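The residues making up each chain are set out below.
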Amino acid sequence: MKPNSFPTLLHAFFHEWAGQQRNLSQHTVLSYRDTWRLFLRFISQRKKRAVDALLLTDLDAREVLAFLQHLEDERKTSVGTRNCRLAAIHSFFAFVARREPLAMAQCAEIARIPVKKMNRPAMCYLEAEEITAILKQPDRSSLEGQRDHALLAFLYNTGARIQEALNVCPQAIRFEPPAQVELFGKGRKTRICPLWPETVDLLRALRKRRPRADDEPIFVNRYGEPLSAAGVRFKLNQYVQAAAQQVTSLARKRVTPHTFRHSVGVQMVAAGIDATVVRDWLGHARLDTTNLYARANLETKRKVLELIDPSTKPGKPPRWKQSPELLAWLDSL
């Protein structure tokens, strides 16, 4: 291969830049890989050439835009997924711009392709009675039900992302007071979250019933393998459907493991906890993300409304007096 051929640049991007220089997480690398698989197959079909025969010059801004449109129109991907694919392409061409000066113009043109704005649905979170109803659903007499109950309680206690919770091993937990857990999260960041005594008791009981080594995940399936996020979502959906029989508001909500994280954030903001504390608790990179919880909580908005000076509030509506002449005129229109 030529020193700066396209295959050489792509190889260096993944092995040198993503792996060694940036130390990106495995999830990010896999996401970038999937993007480039799709992109190269798409370009190969358009150019009617094998992937191995593609040149860097074949991947211009026009082709990138066509690929993004293909994702939305034919693969029916969401705007969010479309933007993630674009981010992977942007990262590669930013790398190329530093390695190949002759491709600067091409890289700059691709860098100017903007992310697409998308409508953000209202944040879904759970009220206290809804969480209580869900936690009552697992059959704790069975090992599977005991595990599910402990996992949901852990999610509610910590506000952890689902994969953060599934990766937790006994060595990350301090079972003695003050109890706490170390979570290894997004962006390769770690944070410490305190644990309620009740949560510690649930984890101890689960570990006693199903012993795990200090470096093995606590939440596993019947075969002793770590639970998958997809499996947790499937089981949670069953529990939510059952809980909706008692708390009907659950039937109108799309509840996922991440909903517990939103619920923790909303309740902490509603309790008046400082936003920076909430940010550190949940492991947000930016305070803007934390502020979303303040905007989501209707009770917080009501409290703000009550603080408005009464003198500035609108007066009572005037009493309506029926006017036969006015009604007759309206009827004649």
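Going by the structure above, here's the rest.
Conventions and cut-offs
- Residues numbered from 1 in each chain as written.
- Predicted model: local features only at pLDDT ≥ 70, side-chain atom pairs only at ≥ 80, totals over all residues.
- Heavy atoms only, no water.
- Helix = DSSP H or I, 4+ residues; strand = E, 2+ residues; numbered from the N terminus.
- Buried < 20%, exposed > 50% of the residue type's maximum accessible area, 1.4 Å probe, protein only.
- Contact = heavy atoms within 4.5 Å.
- Areas by Shrake-Rupley, 256 points an atom, 1.4 Å probe, with all protein chains shown as cover.
- Salt bridge = Lys/Arg side-chain N within 4 Å of Asp/Glu carboxyl O.
- Pairing = 2+ DSSP bridges.
- Axes fitted to C-alpha atoms, helices over the stretch in contact; angles between N-to-C directions.
- Parallel < 35°, antiparallel > 145°, perpendicular 65-115°, else oblique.
- Left-handed = near helix turned anticlockwise from the far one by under 90°.
- Nonpolar A, V, L, I, M, F, W, Y, C, P; charged D, E, K, R; others polar.
- Polar contact = N/O pair within 3.5 Å; in protein donor to acceptor, adjacent residues only side chain to side chain.
- 1 Å grid on protein atoms, 1.4 Å probe; cavity = no way out; pocket = protein on both sides within 12 Å on 5 of 7 lines; lining within 4 Å.
- Points joined across faces, edges and corners; volume = space filled by probe spheres on them.
- Phe/Tyr/Trp six-rings, centres within 6.5 Å; stacked < 30°, edge-to-face > 60°.

Trainee: What should I look at first to understand the overall build of the protein in this one?
Mentor: Each helix and strand counted, the protein has 15 helices and three strands in total. When each of the 333 residues of the protein is scored for burial, the buried share is 40%. Long-range contacts, defined here as pairs at least 24 residues apart, represent 62% of the contacts in the protein between residues at least 6 apart. A total of about 20,400 Å² of accessible surface is found on the protein, and carbon and sulfur atoms cover 54% of it.

Trainee: I'm lost on the pattern of salt bridges in this one. Help?
Mentor: Side-chain pairs of opposite charge can arise where the charged atoms are in close proximity. Under the definition given, this model contains 14 salt bridges. Across the salt bridge formed by Arg 46 and Glu 63, the nearest N and O atoms sit 2.6 Å from each other. Taken together, the positions of Arg 46 in helix α2 (residues 26-47) and Glu 63 in helix α3 (residues 61-73) put the pair 17 residues apart, joining distant regions of the chain. By sharing partners, the salt bridges in this structure join Arg 46, Lys 47 and Glu 63 into a single network.

Trainee: Can you help me understand the environment of Val 247 in this one?
Mentor: As for its position among the elements, Val 247 is in the loop between α10 (229-243) and α11 (257-270). A relative accessible area of 17% places Val 247 in the buried class. Taking C-alpha positions, Val 247 is 9.9 Å from Ile 131, a pair spaced 116 residues apart along the chain.

Trainee: Even after reading the chapter, I still don't get the pairing of strand β3 (residues 190-194), so can you show me in this structure?
Mentor: Consecutive residues of a regular strand have side chains that alternate between opposite faces of the sheet. The alternating pattern of β3 places Arg 191 and Cys 193 on a buried face and Thr 190, Ile 192 and Pro 194 on a face that is not buried. As paired elements, strand β2 (residues 180-184) and β3 share five bridges and run antiparallel to each other. For Gln 180, the partnering residue across the bridge sits in β3 and is Pro 194. Hairpin geometry of β2 and β3 is characterised by an intervening segment of five residues between the two adjacent antiparallel strands and by a positive phi of about 75° at Gly 187.

Trainee: How should the packing of α11 against helix α12 (residues 275-282) be read in this particular structure?
Mentor: The description of two helices packed together rests on the angle between their axes and the distance between the axes. Contact geometry of α11 with α12 gives a least axis separation of 10 Å together with a crossing angle of 160°. Comparing their axes, α12 and α11 come out roughly antiparallel. Considering the relative orientation of α11 and α12, their crossing is right-handed. When α11 is examined against α12, the residues Arg 261, Val 264, Gly 265, Met 268 and Val 269 are found in contact with a partner set consisting of Val 278, Trp 281 and Leu 282. Tallied by class, residues from the contact of α11 with α12 come to six nonpolar, one polar and one charged.

Trainee: Looking at this model, I keep getting lost on the side chain of Ser 44. Mind explaining?
Mentor: Among the structural elements, Ser 44 can be located in helix α2. One polar contact links the side chain of Ser 44 to the main-chain carbonyl oxygen of Arg 49, over a distance of 2.4 Å. Those residues in contact with Ser 44 that sit more than four places away from it in its chain are Arg 49, Ala 50, Val 51 and Leu 54.

Trainee: I tried to follow the packing of helix α1 (residues 6-21) against helix α4 (residues 79-99) on my own but got confused; where do I start?
Mentor: Across the interface, α1 lies against α4 with an axial gap of 10 Å and an inter-helix angle of 105°. As summarised for this structure, α1 and α4 are arranged roughly perpendicular, according to the angle between their axes. Note on element contacts: α4 touches α1 through Ala 88, Ser 91, Phe 92, Phe 95, Val 96, Arg 98 and Arg 99, opposite Phe 6, Leu 9, Leu 10, Ala 12, Phe 13, Glu 16 and Trp 17. A breakdown of the residues in the contact of α1 with α4 according to their chemical character gives ten nonpolar, one polar and three charged.

Trainee: I'm lost on empty space enclosed by the protein in this one. Help?
Mentor: Taking a probe equal in size to a water molecule and rolling it over the atoms shows the remaining empty space. With the rule as written, the count across this model stands at one cavity of 30 Å³ or more. Each pocket or cavity is described by its volume, and for the largest cavity that value is around 50 Å³. Leu 143, Arg 147, Leu 206, Arg 207, Arg 210, Arg 212, Ile 218 and Val 220 together form the lining of the largest cavity. Listed by contribution, the elements that provide at least two residues to the lining of the largest cavity are α7 (143-158) and α9 (197-209). Here the lining of the largest cavity is composed, by residue class, of four nonpolar, no polar and four charged.

Trainee: Please clarify how the packing of aromatic side chains should be interpreted in this entry.
Mentor: Two aromatic rings are characterised by how far apart their centres lie and by the angle between their planes. Tallied over the entire structure, the rule returns 15 aromatic pairs. Between Phe 6 and Trp 36, the ring centres sit 6.1 Å apart and the planes meet at 45°, which makes this aromatic pair tilted. With Phe 6 in helix α1 and Trp 36 in helix α2, this pair connects stretches of sequence that are 30 residues apart. A ring pair is formed by Phe 42 and Phe 67, whose centres lie 5.7 Å apart and whose planes are at 50°; its orientation type is tilted. With Phe 42 in helix α2 and Phe 67 in helix α3, this pair connects stretches of sequence that are 25 residues apart. Accessibility assignment for this pair places Phe 42 and Phe 67 in one class, buried. Among the aromatic residues, those joined into a ring-pair cluster are Phe 6, Phe 13, Phe 14, Trp 17, Tyr 32, Trp 36, Phe 39, Phe 42, Phe 67, Phe 92, Phe 93 and Phe 95.

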